[in-house]
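Now for the letters of each chain:
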Amino acid sequence: MIPKDEEEAQIIQCFTLSIKGGMNGIEVEYLVVKDFSKKYALDSIDLYQIIKSMTGAFSKDG
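Predicted, not measured: the structure shown is a model, and the values here were computed from it. (Residues numbered from 1 in each chain as written. Predicted model: local features only at pLDDT ≥ 70, side-chain atom pairs only at ≥ 80, totals over all residues. Heavy atoms only, no water.)

Re the packing of helix 1 (residues 6-18) against helix 3 (residues 44-56)
And then number 1: Their axes nearest at 10 Å, the elements helix 1 and helix 3 cross at an angle of 70 degrees. As judged from the angle between their axes, helix 1 and helix 3 are roughly perpendicular. Seen along the crossing, helix 1 lies across helix 3 with a hand that is right-handed. For the pair helix 1 and helix 3, contact is made by Ile11, Cys14, Phe15 and Ser18 and by Leu47, Ile50, Ile51, Met54 and Thr55, respectively.
And then number 2: Considering only residue class, the contact of helix 1 with helix 3 consists of 7 nonpolar, 2 polar and no charged. (Axes fitted to C-alpha atoms, helices over the stretch in contact; angles between N-to-C directions. Helix = DSSP H or I, 4+ residues; strand = E, 2+ residues; numbered from the N terminus. Parallel < 35°, antiparallel > 145°, perpendicular 65-115°, else oblique. Left-handed = near helix turned anticlockwise from the far one by under 90°. Contact = heavy atoms within 4.5 Å. Nonpolar A, V, L, I, M, F, W, Y, C, P; charged D, E, K, R; others polar.)

Written out as structure tokens, the structure reads:
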């Protein structure tokens, strides 16, 4: 996937850094999202919501 702009590239980078495998499938580490959003001056809750919806694509239930 080729990011169409800088914001999309940042979201993809954050997604890659924050996901990890867990007992219930893919989990998102909120502290990584929070630190990433602070570094790039993004809203951490909005970014976390985007990352969670992206992980839903990998879930059996999502």
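Re the side chain of threonine 55
And then number 1: By the secondary structure assignment, threonine 55 is in helix 3.
And then number 2: Within the local environment of threonine 55, its side chain forms a polar contact with the backbone oxygen of lysine 52, the two atoms lying 2.6 Å apart.
And then number 3: Setting aside residues no more than four positions away along its own chain, threonine 55 makes contact with Phe15, Ile19, Ile26 and Val28. (Polar contact = N/O pair within 3.5 Å; in protein donor to acceptor, adjacent residues only side chain to side chain.)

Describing the nonpolar core
And then number 1: Counting residues in hydrophobic clusters, the biggest one holds 8 residues: Ile11, Cys14, Phe15, Val28, Val33, Phe36, Leu47 and Ile51.
And then number 2: Going through the elements one at a time, helix 1, helix 2 (30-39) and helix 3 are the ones with two or more residues in this core.
And then number 3: Looking at this core, the element that brings in the most residues is helix 1, giving 3 residues.
And then number 4: Those residues in contact with leucine 47 that sit more than four places away from it in its chain are Ile11, Cys14, Val33, Phe36, Ser37 and Leu42. (Core = buried A, V, L, I, M, F, W, Y, C linked by side-chain atoms within 4.5 Å. Buried < 20%, exposed > 50% of the residue type's maximum accessible area, 1.4 Å probe, protein only.)

Remarks on helix 1
And then number 1: Taking 1.5 Å per residue, 13 residues should reach 18 Å; helix 1 reaches 18 Å between its end C-alpha atoms and fits that length.
And then number 2: Among the residues making up helix 1, those that are buried are Glu8, Gln10, Ile11, Cys14, Phe15 and Ser18. Considered in projection along helix 1, the buried side chains sweep an arc of 160 degrees and stay on one side of the axis. Counted as exposed and oriented over 90 degrees from the buried face of helix 1: Glu6 and Thr16. (Expected span 1.5 Å × (residues − 1). Arc of directions from axis to C-beta.)

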